Amino acid sequence: MGTSEAVLHVLSGAVPRLFSSDLCSSNLDLVFSSKYHIKSVNKKGSSYMQRFKCSRLARCQIGSYMCKPLGGGLYGNRAIGRLKLLRCKCERAESVSGVGMDEGNGAWFVDSAKKLNLNGSINSPNILEFDAVEQLKREKEGLTSNGTVGTGTSTFHKASVDSIEDEAWELLRDSMVYYCGSPIGTIAANDPTSSNVLNYDQVFIRDFIPSGIAFLLKGEYDIVRNFILHTLQLQSWEKTMDCHSPGQGLMPASFKVRTVPLDGDDSATEEVLDPDFGEAAIGRVAPVDSGLWWIILLRAYGKCSGDLSVQERVDVQTGIKMILRLCLADGFDMFPTLLVTDGSCMIDRRMGIHGHPLEIQALFYSALLCAREMLTPEDGSADLIRALNNRLVALSFHIREYYWIDMRKLNEIYRYKTEEYSYDAVNKFNIYPDQISPWLVEWMPNKGGFLIGNLQPAHMDFRFFSLGNLWAVASGLATTDQSHAILDLIEAKWADLVADMPFKICYPALEGREWQIITGSDPKNTPWSYHNGGSWPTLLWQLTVACMKMNRPEIAAKAISVAEKRISRDKWPEYYDTKKARFIGKQSHLFQTWSIAGYLVAKLLLADPNAAKILTTEEDSELVNAFSCMISANPRRKRGPKSLKQTYIV
């Protein structure tokens, strides 16, 4: 336990730090500071694998590579975008075909010509031809002419679907990124037709989630483990924007594996991980959802693989706590919801979601439940767990009570009185009934309802945001009745939310003067395009998770069948445009990885509904009881100083 004491000693310093320990075995608690860089050196022209060594503080393993001490330092005058890059120095391996792992952990074998990327670039995609599909079409026509229409059509459809899945898996594997010979993630898009790459050649935290889930459900755990642990190392880096640093615990939006020349050796290169925390992103917005998704994926990894040693590691436990402290920190806000800026989640451009957007709240609630499940009990965590439980109760009450809307609640808002000054006011947020848009009155079905997009003083955003509602179902943030009502609404408004391609990211689109004011006349977010009412195939997997949890798989199956009619033929676009999703998005990248992975996850969950449990959380009985008590309690509560028993420090 000397190691634990050493960790606590460093963590108690004036500046919080996060450490990364052994990435391969759980029995090593030794960790190394982020100021020590890990290097990976690839000799030019070499065909062999290389083992790398890292950090002079401890001997450790990363993936299947044995590491030993290596001093850190800056890059000097080299023209690299940041001073601190995660680096790994590699040594020659004894074997040409693979690198062995110690202590009976097996071996990770890679084809050096295909998977080990000595030049730092990822494999180019295999653009699939559709000869096989065309042949099947001809066979179907032949069967039809012989009078066996039913059998021919059925056989063709099944073969066509199998062909789509095979293509998707090949494309997903082609998008994999390797670091030091081990898979570490998937790039955002692998579009050979696009000359404007921007940052689509990077590994995004949120984009990798469906890829990671697909690999987990396929039994391929190493890439997810590597992703979790390497992104954890990036968490503790110093981050600045115009001399300002955000709070410790922020996860990057994305990272890129770069290959650069090695100092003092023109014949060698080294791989570095270069993260972006939003300081290079369009709009310079910090990714609030990255850390929340990371916690959700960490839990899914443990549940699917059975390997709980990763979440029990000292550095991983520290990473979880840093994210929680960042999210649970006290501020000026009176609400239990997270206050964020516009563009801090999947909708990463100006779309009027600043404040308390539903998507962030659903992910926040889910991450709190996952973190509570994974945190190891210890004296130092007592205050944090108490704060976490208190926030769960308040957050669930707030969302269920004030964000929910159906025909009954809409009529109630329509009759609201305003300017109420009292502790037991009905219209607590002073919502003006004139805010109810005519489209909502006509659109709201008699059966069904949804959680609104945002709530602030004197403002309710009545738009339907898909990800927030679907994840509220998956996480249990919505009650059982509310969850079924959300799925009822999706069925009732299928022509609007699904149409020719699932799934609308939000409904309706901002148009006219409203679009000009709220988006700033964003040419990418024109009405019914991109985040402004565009249709995103990746949302298939969140829809399927929600349907599996509520035992309504027929909704997911219907949506998947709609997607299968054209998504492969259209080359797996990022998003679709127009109100009915008739067109491929005008700036949509093709071969978008999370469109591919989202489809695969949906298919895997449809085949095995129980697998959705790695992502879903059930209603906690304690939360339900606390929620009931809050409903029945007198709204006017005694005011005064908090008792010492109720205070906590985060």
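About the cut-offs
- Residues numbered from 1 in each chain as written.
- Predicted model: local features only at pLDDT ≥ 70, side-chain atom pairs only at ≥ 80, totals over all residues.
- Heavy atoms only, no water.
- UniProt positions renumbered as here; feature names shortened; annotations may be inferred.
- Axes fitted to C-alpha atoms, helices over the stretch in contact; angles between N-to-C directions.
- Helix = DSSP H or I, 4+ residues; strand = E, 2+ residues; numbered from the N terminus.
- Left-handed = near helix turned anticlockwise from the far one by under 90°.
- Contact = heavy atoms within 4.5 Å.
- Nonpolar A, V, L, I, M, F, W, Y, C, P; charged D, E, K, R; others polar.
- Buried < 20%, exposed > 50% of the residue type's maximum accessible area, 1.4 Å probe, protein only.
- Pairing = 2+ DSSP bridges.
- Parallel < 35°, antiparallel > 145°, perpendicular 65-115°, else oblique.
- Expected span 1.5 Å × (residues − 1).
- Core = buried A, V, L, I, M, F, W, Y, C linked by side-chain atoms within 4.5 Å.
- Phe/Tyr/Trp six-rings, centres within 6.5 Å; stacked < 30°, edge-to-face > 60°.
- Lys NZ or Arg CZ within 6 Å of the ring centre and 35° of its normal.
- pLDDT = per-residue confidence, 0-100.
- Salt bridge = Lys/Arg side-chain N within 4 Å of Asp/Glu carboxyl O.

Looking at an unreviewed UniProt entry, one finds the protein named Alkaline/neutral invertase, with Theobroma cacao as its source organism. In its Sequence similarities (unreviewed entry) section, UniProt records this for the protein: "Belongs to the glycosyl hydrolase 100 family."

Asks: It is not clear to me how the packing of helix α4 (residues 205-217) against helix α19 (residues 593-607) should be interpreted in this structure. Could you clarify?
Replies: The relative placement of two packed helices is expressed as an angle between their axes plus a distance between the axes. Interaxial distance between α4 and α19 falls to 8 Å at its minimum, and their mutual angle equals 35 degrees. Along this stretch, α4 crosses α19, giving a crossing that reads as left-handed. Contacts between α4 and α19 involve R206, D207, P210, S211, I213, A214 and L217 from the first element and T593, W594, A597, G598, V601, L604 and L605 from the second. Residue composition of the contact of α4 with α19, grouped by class: 9 nonpolar, 3 polar and 2 charged.

Asks: I'm lost on helix α13 (residues 466-475) in this one. Help?
Replies: In an α-helix, one turn spans 3.6 residues; hence positions three or four apart end up facing the same way. Across the 10 residues that make up α13, a large majority, 10, are buried. By the burial criterion, the buried members of α13 are S466, L467, G468, N469, L470, W471, A472, V473, A474 and S475. With its phi angle positive at about 85 degrees, G476 sits one or two positions after the end of α13.

Asks: Quick question: what am I supposed to make of unusual backbone geometry here?
Replies: Apart from glycine, the bulk of residues carry a negative phi angle, and the bulk of peptide bonds sit in the trans form. In this structure, the amide linkage connecting P502 to the following residue, F503, adopts the cis form with an omega of 10 degrees. Residue position: F503 is located in the loop between α15 (494-497) and β19 (506-507). At the junction of Y507 and P508, the peptide bond is cis and its omega measures out at -5 degrees in the coordinates. For P508, the location among the structural elements is in the loop between β19 and α16 (512-519). Positive phi, close to 55 degrees, is recorded for N430, a residue that is not glycine. If you trace the backbone, N430 turns up in the loop between α11 (407-414) and α12 (438-443). Taking relative accessible area as the criterion, N430 reaches 19% and is therefore assigned buried. Although it is not a glycine, A581 sits at a positive phi angle of roughly 60 degrees. Looking at the element boundaries, A581 is found in the loop between β20 (576-577) and β21 (583-584). What makes A581 buried here is its relative accessible area of 0%.

Asks: Help me understand the sheet that holds strand β18 (residues 459-465), please; the structure alone is not making it clear to me.
Replies: Strand pairs in the sheet, formed through backbone hydrogen bonds, run parallel or antiparallel to each other. Strands sit in the order β16-β17-β18-β19 across an open sheet of 4 strands; the sheet is antiparallel. In this open sheet, the two edge strands, each paired with only one partner strand, are β16 (404-406) and β19. Where β18 meets β19, 2 bridges bridge the pair, whose relative direction is antiparallel. Note that in β19 the partner of F465 across the bridge is C506. Of the strands in this sheet, β16, β17 (449-456) and β18 touch helix α10 (residues 382-403), which is tilted by about 110 degrees from β17.

Asks: Explain the packing of helix α8 (residues 314-328) against helix α9 (residues 358-374) to me, please; I cannot follow it from the model alone.
Replies: One can describe the packing of α8 onto α9 by two numbers: an axis separation of 11 Å at closest approach and a directional angle of 140 degrees. Regarding the angle of α8 to α9, the classification is oblique. When you trace α8 past α9, the crossing you get is left-handed. Contact residues: α8 offers Q317, I320, L324, C327 and L328, while α9 offers F364, L368, A371 and M374.

Asks: Looking at this structure, I do not really get α9. What am I missing?
Replies: Here α9 spans 24 Å end to end across 17 residues, near enough to the 24 Å set by a 1.5 Å rise per residue. The buried fraction of α9 is high, at 15 of 17 residues.

Asks: Would you mind showing me how to read the nonpolar core here?
Replies: Buried together is how nonpolar side chains tend to be arranged in soluble globular proteins. Counting residues in each nonpolar core, the largest one holds 162 residues, and the members touching the most others are W294 and I490. Counting residues per element, this core draws most heavily on α9, at 12 residues.

Asks: What is the right way to look at the pairing of strand β14 (residues 254-262) in this model?
Replies: Working note: regular strand, side chains alternate between the two faces of the sheet. Inspection of the sheet shows strand β13 (residues 203-204) paired to β14 by 2 bridges, in the antiparallel sense. Across the sheet, V203 pairs through a bridge with F255, a residue of β14. The sheet contact formed by β14 and strand β15 (residues 265-276) spans 9 bridges and is antiparallel. Each residue of the ladder has a partner; that of V260, found in β15, is E270. Taking the residues between adjacent antiparallel strands as the criterion, β14 and β15 are bridged by 2 residues, where G264 takes a positive phi near 80 degrees.

Asks: Looking at this model, I keep getting lost on the packing of aromatic side chains. Mind explaining?
Replies: Each aromatic ring pair is summarised here by two numbers: the centre-to-centre distance and the angle between the ring planes. Scanning the model with the defined rule gives 21 aromatic pairs in all. On the basis of an interplanar angle of 90 degrees and a centroid distance of 6.1 Å, the ring pair of W536 and W594 is categorised as edge-to-face. With W536 in the loop between α16 and α17 (540-549) and W594 in helix α19, this residue pair connects regions lying 58 residues apart in the sequence. Three or more aromatic residues link up through ring pairs in this structure, and these residues are W439, W443, F450, F464, Y507 and W528. When the ring centre of Y530 is taken as origin, the NZ or CZ atom of K524, which lies over that ring, is 4.3 Å away. For the cation-ring pair, K558 lies above W494, with the distance from its terminal atom to the ring centre recorded as 4.5 Å.

Asks: In this structure, what is going on with the confidence of the model for the protein? I would like to understand it.
Replies: Detailed reading of predicted coordinates is not advised where the pLDDT is low. This prediction gives the protein a mean pLDDT of 78; 69% of its residues lie at or above 70. Segment residues 1-85: pLDDT under 50, and 252 contacts once partners within four positions in sequence are set aside and those in other chains are kept. Here residues 89-150 scores under 50 on pLDDT; set against residues more than four positions off or in separate chains, the count is 112 contacts.

Asks: Please explain the pattern of salt bridges as it appears in this structure.
Replies: Side-chain pairs of opposite charge can arise where the charged atoms are in close proximity. Under the counting rule described, the total for this entry stands at 20 salt bridges. For R225, the salt bridge is made with D307, and the minimal N-O distance between the two is 3.0 Å. In this pair, R225 is assigned in helix α5 (residues 222-235) and D307 in the loop between α6 (288-305) and α7 (309-312), connecting sequence segments 82 residues apart. D274 is the salt-bridge partner of R258, the closest N and O atoms lying 2.9 Å from each other. With R258 in strand β14 and D274 in strand β15, this pair connects stretches of sequence that are 16 residues apart. For R258, a relative accessible area of 31% translates into the label partly exposed. By sharing partners, the salt bridges in this structure join E165, E564 and K603 into a single network.

Asks: How should I be thinking about the pairing of β17 in this particular structure?
Replies: With 8 of 8 residues buried, β17 is to be regarded as a mostly interior element. When β16 meets β17, the two strands line up antiparallel, connected through 3 bridges. Note that in β17 the partner of W404 across the bridge is L451. Here β17 pairs with β18 via 4 bridges, running antiparallel. Looking across to β18, one finds that L455 is bridged to M460. Counted between consecutive antiparallel strands, the loop separating β17 from β18 contains 2 residues, among which A458 sits at a positive phi close to 60 degrees.

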